[in-house]
Structure formats: structure tokens, C-alpha cells
Amino acid sequence: MKWYVYLALKQLFPTGKRISFFAAMSIVGVALGVVVLFVVQSVMEGFQYNIKKMIVDTQGDVRVDSKHMIFDVDKLEDFLRNFPGVAAVARYAYGMMMLKYDDRTGFPTIKGVDIENEAKVIDLRKFIKQGNLENFNCGGIVLNDEMARSVGATVGSSVEVFSPKIVEETSSGEIILQRTFDVSAIYETGYQNVAMIAIDTLQDLYGLGEGVHGFSLRLVPGVMPEKVAFELNKDLPKEIVAMSWQEMNKGLMFALQTEKAMMSLVLMFVLLIAAFSIAGSLLASVIRKTREIGLFSALGGTVWQCAMCFVLQGAIIGIIGSFIGIIVGMVTLKFRNIIMVGFLRLCGVEDFMMKFYSFANMPSRYGKGDVLTLVAFAVFLCCLAGVLPALKVAKINPAEALRNE
Amino acid sequence: MNDDYIVKLGNVRKTFGDFMVFDDVSFGIKRRETVSICGDSGSGKTTLVNVIGLLEQPTHGRIFWNGKSVINQKMSYVAKLRSEMFGYIFQRCNLILELNVIENLLFPRRIADKIDSGDVAFAKKLLNQVKLDGFEERNVSTLSGGERQRVAAIRAMMNNPRVIIADEPTGSLDEKSANLVMDMIINLCDTYDSSLLLITHNPRFAQKMQTAYVLSNCTLTRVE
């Protein structure tokens, strides 16, 4: 072992003591910074992953849409079904309507689906909280939980739906009654205000004939949605466009990425503060040990080797601090729900948080890449913290250092 | 240049800006020779020692170690050579507080990158010679001034240097400890064939050396 590596280790972990006070404080500082950054990034990543998964689960991997109605439905559906990488295809049409239950009204987007094919693209049963899809094709409607709550409907309730076509025809003198649907099921995705009815009913309500608005595609696992969308667009007519879920939600994806990046940027200041405190302590150490630095030169060391000793101290603090930080972070994430519930209970806002943020289970997700990036960043900062004192050491004249009292 | 000299200075001058520290200093140290340099405080003794070890560059003149000029050599080369040529003992022992006694003794071997299994035995032997048996694992902060200086003295011997440079090694010790430490340094140099360059205020210690110089008024004069 090179003498400056040995000395760097000994200055942090002196013989006869487990650890120096400076090393302990510095390691704790770095570890705390890493814990905060790691936990927040993992939770943000967890949220992001859940949202992405929810989007894919509820929208499919790829959507094929047109600016106009698509009437050549069967031909296009066959083409899509036989396209390489496509596992399932479901047609849909949609439109905004007024929904009324008792004296309460809501304005959901109503999606008409072919329930058998839709179930192959989207695992509807996963999201259904109440009811089932048995009577869906016999005048049934599936409501989003938010909409059901706002109009006060439950499974079995009869709701009235008014389409723009009904309003249009009523204004031209005809009296057409609203359609009544029985609520078959209530589903929960957390972000969509969409109700579902059978596609032929929606086509009738909107006067679409046999036309549909588009198709949802489920791909074979492992196939890249962007690639399939790109290949499809080569073969589809100009007015029909295939879009991957990423492209459809790029605004949301960008917002989520930006939110995570900004959060990380803010929290990086915790690590910066730790690094500055290391730099300050090492600078004080350089001043305190000036004579020692002169001695190392007298014994045959070079000033650059002496300087390296301080950079290494920063690096060692960074490595140990990050390691401890990651371990503590992982333990924190493992018990995150217990910690969160305890904290909310302490603040007396447990019910509030549960109700409005659905925080019963705080998501978290991290990969090797995240851990390595964070560790590399923390070690890099700590090395930088060691560079400043090292530069000061490099400027020290050994003879003057030995005279230093 | 006479190759009998381990260290030789020729017409060396050292100035700090306009301030002349010494001029035209020419002297040498032979193998196993003991040399003293006396002088008042501020006369430039320590600067001369630093110039000899090239811890400080001379303003003018030539310096030879083992007959080879070391002026204008690469600092890394000079540093390596320094660890083989010189063993330093300072007034303040400069022991490393984070290391225990044996680790302090082995440290010059680490810097020279020559540490091996025989070094611990050698260090223990030296400890025995300065009557510090059993001090191997002691923390240096628990040692007395005399004990520390003895540890510093044997640390200087660890690389088996050609010259021991002792810059007022007894300056911070009481008379009894000073005598003890001084005798030990002389004995160690004698035992391990090292020359000794002693910088001292104490004329009694200076007289113990084979050759004595006085540095005064920027001039180094041999005392006959």
C-alpha cells in the first residue's frame, strides 16, 4: 500500500481509536445526504413507474387514431392484428356526454368498447373495485370511481346518459328520450375520468354508424412500442397515425422527469453542504498538520503525494458515507410505509393523507444504475472537497513547513 | 570532487530576496564523520540543513550527494534519494499522532516503498537499543518528551541513511534527558555506520563531534 493511502486511512481511522471525530462527522454528513437523495429519488421513481404502468395498463402499448372516423374497420383491424409484434387489438369510439343520477350530473368521456377484445388489451378486472362485466353488453355502464362518487351512483344504479346528438335532435323538434344504463362495475385507475359502454351503443348514441375513432394495441412482451408505432406509420394511410404510449403522454412524462430532476437538484445541495464541510475540515487539518507535511517531504515524500493523501481522505469519506447512506436508505425504503404512517399519525393528518393522496402504500423503485450514479456523484463531490486542501498542500514549501510552529 | 564525501557543498549561497542568509559555504561530510554546526538563533543553521537536503534550493552553488550533483534534478528523484541519504531528527519530534510507536518507526520505510517483514524486527531492535522495549503499541501522545525524541531518533535510522541530520534534537529537553538522547544518537550513528550532522546551540555537544563549524555573519567557519 502506498504511504499516502496508508496515511489517509490512518488519519481517518487512527490506531487506538476506531474513527476520528472528523471522519465520523464527515461520514455521517455524506450518509445523510445520500439517504435523503436516495429515498426521495426512489419514491419519485416509484410514483413515476406506477403512473407509467397505469398508463400502459389502461391505454395499451400503442394506439392507432385518425383525425376522421374510420369506417373500414374490419380490414384495418385484421391488418393490425396480423402486424408483427401485436398481441391483441381492440376498437374504440368515444365522446363526451352528460350523465345524470338522481339530481346530480357529471360530464365524463364515454368510451365505447368491444368488451371481449378490450379485455385482451386492458386487464379491466384488475381495476374493477365493485361489480363485474357480466351484464356489460346488456345496457351496462362501467363508471370511474371519481364519477360514481360525484353523482352518488353505485353498482346497480340506473344512470341517464344524454349525448350531443340527443340534444341536437331535440332542438330540431324531435323528442328523443335519454338512454338509461345500469352501473355494472366501478373501476379505479386514479387519473382517468372515463366511463365505458358497449361500442355499438356509443355508435348509436353519437350517430357514428359503423365508424370508430381508433384501436388500442397490446404488444407481445418485450416488443418496443415506439418501434411498432414507427413501423405501422410506414404502412398506414396518412390520416391514420399510430402512437406509442410514451408519445401520447410525452407531456406527462416530461413533467414527471422534470419533477424528479428538480427534486434531485434541490436535494443535491445537502450533499454539497456535506462536501463543503469536509473541505473546511480538511483545510483546517492542512493548517494543523503543516509541520507533518514538511516531515513527509524530509522523509522522501513529494508534495503531490502529500496532496494525494487529502484527496484520498475525501474519497474514502465519500465511499464509506455513500455505502452507509445507501444501506440506511434501503432500510428506510423497506419500512417506508410504517415510517410514513407513524409520521402522519404524529402530525394528526393520517386520514387526510390517505383520503386525498391514496398514500396507503408509498411506492418506491430503484435500480443498480440509480445506486451507482448516486454513489459516483457523492464520491466525486467528496473527492472535489479533498482537492481544495490538496491544492493548498501542493503550494506548501517543505522547508517553510518544517519551520512552522 | 573528492568521492570520500557523502555530502559536499561548493560555494553555496542562499538569499531570501535581498536578505543574504549565507554565502560561499563549502564543506563536506565524510562517511562515519560527525560534524556540528553552531550559531546564534537566526544565523541560518536550519536553512543550511534544508539546503543540504534540498528541501530548499540554493541561490547559487553546487551540491553533491555521493559524488553526484543533485541541483536541477527532478523533485521526485531527489525525494527518493533523500529518503535513502538522510535521516532527520528535529527539535520537535514530529511524530505522527495517528500512529502508534511501531507504526511511526515503519513510516519512513513506507515512504521509501521498501517495507518488508524484517522491518518490524529491526524497529524492535532499535527500540531495545534506546531502552524503549515494550513501547511498540504505545500511542505516541502518551510518551514523555525524552521518549518521543528517542523514538524520533530511531525513526531516522530506519532507512539506514548515510547521514543523520539532527537539527537541535535536544532543544526542548531537560539537561538529563538531553544528555541521554545525545549519547544515544551518537551511538546509533556509530553502530549503523551513519555520519552525523548536528545543529546545536550547545557547545558541549558540539565538542563531541569530530568536526565543528560555526555559522556566523553569513559565513561558515571551521573550528580547529
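Within each chain, residues carry numbers counting from 1 in the order of the written sequence. By the order in which they are written, chains take letters starting at A while ligands take numbers starting at 1. Local features in this predicted model are restricted to residues of pLDDT 70 or higher, and side-chain atom pairs are both shown and tallied only at a pLDDT of 80 or more, whereas totals for entire chains, interfaces and linings draw on every residue. Excluded from the side-chain calculations are hydrogens and water; all other atoms, namely the structure's heavy atoms, are used.

Participant: Help me understand the overall build of chain A in this model?
Facilitator: Check the secondary structure of chain A and you find 17 helices and 12 strands. Computed over C-alpha atoms, the radius of gyration of chain A comes to 32 Å, more than 25% over the 22 Å expected from 2.2 N^0.38 for 405 residues, which places it beyond the range of a compact globule. Taken along its principal axes, the extent of the C-alpha atoms in chain A is 105 × 55 × 35 Å. The Shrake-Rupley method, run with a 1.4 Å probe, gives the accessible areas here. Residue values count only the displayed protein chains as cover. Total accessible area computed for chain A in this model is approximately 20,500 Å², and 62% of it derives from carbon and sulfur atoms. Neither His nor the chain ends contribute to the count of charged residues, in which Lys and Arg are positive and Asp and Glu negative. For charged residues, the charge sits on one atom: NZ in Lys, CZ in Arg, CG in Asp, CD in Glu. Charged side chains of chain A number 39 positive and 38 negative; the gap between the two group centres comes to 17 Å. By the criteria applied, helices consist of DSSP H or I runs no shorter than four residues and strands consist of E runs no shorter than two, each listed in order from the N terminus. For the radius of gyration, the atom set is restricted to C-alpha positions; the globular benchmark scales as 2.2 Å times the number of residues to the power 0.38.

Participant: I'm lost on a nonpolar patch on the surface in this one. Help?
Facilitator: Residues and elements named next belong to chain A. A cluster of nonpolar side chains, Phe-323, Ile-324, Ile-327, Val-328, Val-331, Phe-335, Ile-338 and Ile-339, forms an exposed patch at the surface whose accessible area comes to about 720 Å². Sorting the residues of the nonpolar patch by element identifies α13 (303–334) and α14 (336–347) as the ones contributing at least two each. By the secondary structure assignment, Val-328 is in helix α13. To count toward a patch, a residue needs a relative accessible area above 30% and no salt bridge. Like charges then connect within 9 Å, nonpolar side chains (Val, Leu, Ile, Met, Phe, Trp, Tyr) within 5 Å. A pair is scored as a salt bridge if a Lys or Arg side-chain nitrogen falls within 4 Å of a carboxyl oxygen belonging to Asp or Glu.

Participant: Would you mind going over the side chain of A:Ser264 with me for this structure?
Facilitator: All names here are of chain A. Examined against the element boundaries, Ser-264 turns out to sit in helix α11 (residues 250–288). Polar contact is the term for a pair of N or O atoms within 3.5 Å; when the atoms are in protein, one must be able to donate a hydrogen and the other to accept it, and sequence-neighboring residues count only if both atoms are side-chain atoms. Of note is the side chain of Ser-264, whose polar atom sits 2.9 Å from the backbone oxygen of Lys-260. Contact between two residues is taken to exist if any of their heavy atoms lie within 4.5 Å; hydrogens are not considered. Other than its neighbours up to four places away in sequence, Ser-264 contacts Leu-37 and Gln-41.

Participant: For this particular structure, what's the right way to read the pairing of strand β8 (residues 158–162) of chain A?
Facilitator: Looking along a regular strand, one sees side chains alternate from face to face of the sheet. Residues and elements named next belong to chain A. Here the rule is simple: two strands pair whenever DSSP picks up at least two bridges between them. Here strand β3 (residues 98–101) runs beside β8; their pairing, made up of 3 bridges, is antiparallel. If you follow Leu-99 over to β8, its bridge partner there is Val-161. Here 4 bridges tie β8 to strand β9 (residues 179–187), and the two strands are oriented antiparallel to one another. When the sheet's bridge partners are listed, Val-161 is paired in β9 with Arg-179.

Participant: For this particular structure, what's the right way to read the sheet that holds strand β9 (residues 211–216) of chain B?
Facilitator: Strand pairing in a sheet is mediated by backbone hydrogen bonds. Such pairs are either parallel or antiparallel. Residues and elements named next belong to chain B. An order of β6-β7-β8-β3-β9-β10 is seen for the 6 strands of this open sheet, with the pairing classed as mixed. Strands at the two margins of the open sheet, each flanked by one partner only, are β6 (86–90) and β10 (219–223). In this sheet, neighbouring strand axes are inclined to one another by 20° on average, regardless of whether the strands run parallel or antiparallel. By the bridge criterion, 5 bridges tie strand β3 (residues 34–38) to strand β8 (residues 195–200) in an arrangement that is parallel. Of the residues in β8, the one forming a bridge with Ser-36 is Leu-198. The strands that helix α5 (residues 145–157) touches are β6 and β7 (163–167); relative to β6, the one it contacts most, it runs at about 170°. Every axis corresponds to a line fitted to the C-alpha atoms, with the helix fit spanning only the stretch in contact, and the corresponding angles, defined between N-to-C directions, vary from 0 to 180 degrees.

Participant: What should I look at first to understand the sheet that holds strand β4 (residues 60–65) of chain B in this one?
Facilitator: All names here are of chain B. Taken in spatial order, the 4 strands make up an open sheet running β2-β1-β4-β5, and their pairing is antiparallel. Two strands bound the open sheet, and with one partner strand each, they are β2 (19–30) and β5 (68–69). Bridging between strand β1 (residues 5–16) and β2 involves 8 bridges; their strand directions are antiparallel. Looking across to β2, one finds that Val-12 is bridged to Val-25. Strand contacts of helix α1 (residues 45–52): β1, β2 and β4, with the helix running at about 125° to β1, the strand carrying the most contacts. Each of β1, β4 and β5 is contacted by helix α2 (residues 75–85), which is oriented at about 55° to β4, the strand it contacts most.

Participant: Help me out: how do you make sense of the nonpolar core in this one?
Facilitator: Inside soluble globular proteins, nonpolar side chains tend to come together where they are buried. Residues B:Val7, B:Phe27, B:Trp65, B:Phe107 and B:Leu197 are the most contacted members of the largest nonpolar core, which totals 91 residues. Here this core takes 10 residues from helix α2 (residues 21–59) of chain A, the largest share from any one element. Dropping the residues within four chain positions of it, B:Val7 is found in contact with B:Phe27, B:Gly28, B:Ile29, B:Ile52, B:Phe64, B:Trp65, B:Met85, B:Phe86 and B:Val163. Counting 42 residues, the second-largest nonpolar core is a separate cluster that includes A:Val62, A:Tyr101, A:Leu205 and A:Val212. To form a nonpolar core, buried Ala, Val, Leu, Ile, Met, Phe, Trp, Tyr and Cys residues must be joined to one another through side-chain atoms within 4.5 Å. Relative accessibility decides the category of a residue: with a 1.4 Å probe and only protein chains considered, values under 20% of the type maximum give buried, values over 50% give exposed, and everything between is partly exposed.

Participant: Where do I start with the side chain of A:Arg218 in this structure?
Facilitator: Residue and element names in this part refer to chain A. With respect to the helices and strands, Arg-218 occurs in strand β11 (residues 212–219). Residue Arg-218 is classed as buried on the basis of its relative accessible area, which comes to 16%. A distance of 3.3 Å separates polar atoms of two side chains, one belonging to Arg-218 and the other to Asp-61. Only 2.7 Å separates the side chain of Arg-218 from the backbone oxygen of Val-121, close enough to count as a polar contact. Non-local contacts of Arg-218, meaning those with residues more than four positions away in its chain, are made with Val-56, Asp-57, Gly-60, Asp-61, Val-86, Ala-87, Ala-88, Lys-120, Val-121 and Ile-122.

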